[in-house]
Amino acid sequence: MVELTDRFEMALVYANQLHRGQLRKDGRSPYVAHLLSVAALVLEDGGSEDEAIAALLHDAVEDQGGLPTRQTIQAKFGDRVVRLIDGCTESETIPKPPWLERKHRYLEQIRQACPAVRRISLADNLHNARSLLACLTWEGPSVWNRFSGGRTQTLWFYRTLLDIYCHSGTDAMTQAFQAVIIQLEALEEVKGERGEGIRG
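Residues numbered from 1 in each chain as written. Predicted model: local features only at pLDDT ≥ 70, side-chain atom pairs only at ≥ 80, totals over all residues. Heavy atoms only, no water.

(A) Local environment of the nonpolar core. Counting 59 residues, the largest nonpolar core has L57, I73, Y158, L161, F177 and L184 as its most contacted members. If you tally residues by element for this core, the top one is helix α8 (residues 115-139), at 11 residues. Discounting residues that sit within four places of it in the chain, L184 has contacts with A129, L132, L133, L136, L155 and Y158. (Core = buried A, V, L, I, M, F, W, Y, C linked by side-chain atoms within 4.5 Å. Buried < 20%, exposed > 50% of the residue type's maximum accessible area, 1.4 Å probe, protein only. Helix = DSSP H or I, 4+ residues; strand = E, 2+ residues; numbered from the N terminus. Contact = heavy atoms within 4.5 Å.)

Below you can see the structure in the form of structure tokens.
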């Protein structure tokens, strides 16, 4: 069992400060709820304290300050945490590159990822996919309008990620992600809106 120290508490406070006022795509949920969920999934999967800290801060560089934020995280939490965050970061530049360019880069990163980065990435995308499924179930297909990639590209991205995760191993979290993707695709089939995806 991982014993969490004051470093984790400090990371939790820092994550809350960085993302204060930021909401999820639903426009209601505080963004920190996502960060807490990802950290919980990482810990439940046997991740270390460094991995849990990186899970709390996995979007900090990308969404809250770029390289200056990265430098602060490195000073506060060390080289390993910042390397894990690097592995989960799509872009450090503002404005961000186009959606598809970022996603291709991210997919290549995850193909080459160490087990710790894979775990954080998988937890992140599992929680995102679960949230998407819940929103689609309750609100309907208009939810796709919130996504830069729309329905077709978002489903392509998740399916490609699933293939990468499965190629590097199978475990309970991978199976949970697969189950959600199957539900997302089935939901689209029922509504007659499933696309063919894109090819990268």
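Text resumes after the structure shown.
(B) Region of interest: the environment of L161. Along the polypeptide, L161 turns up in helix α9 (residues 150-167). Judged by its relative accessible area of 0%, L161 falls in the buried class. Sequence separation of L161 and V81 is 80 residues, and the distance between their C-alpha atoms is 23 Å. Residues within four places of L161 in sequence aside, it is in contact with Y106, L107, I110, N125 and F177.

(C) Spatial organisation of the side chain of D59. The topology assignment puts D59 in the loop between α3 (49-56) and α4 (60-63). One buried charged side chain, D59, makes no salt bridge at all; its nearest oppositely charged neighbour is R24, positioned 6.3 Å away. A distance of 2.3 Å separates polar atoms of two side chains, one belonging to D59 and the other to Y31. If we ignore the near neighbours within four places in the chain, the residues touching D59 are H19, Y31, H34 and Q64. (Lys, Arg positive; Asp, Glu negative; His and termini not counted. Salt bridge = Lys/Arg side-chain N within 4 Å of Asp/Glu carboxyl O. Polar contact = N/O pair within 3.5 Å; in protein donor to acceptor, adjacent residues only side chain to side chain.)

(D) Representation of the pattern of salt bridges in the model. Enumeration according to the criterion identifies 16 salt bridges in this entry. Through salt bridges with shared partners, a single ionic network connects R7, D45, E49, D50, E51, R80 and R119.

(E) Local environment of helix α5 (residues 67-77). Of all the positions in α5, only T69, R70, I73 and F77 are classed as buried. Looking straight down α5, one finds that the buried residues subtend no more than 100 degrees of arc, so they occupy a single side. Among the exposed residues of α5, those oriented more than 90 degrees off its buried face are P68, Q71 and A75. Here the buried face of α5 lies against α1 (6-19), α3, α4 and α6 (79-88). Immediately downstream of α5, the backbone of G78 shows phi near 100 degrees, a positive value. (Arc of directions from axis to C-beta.)

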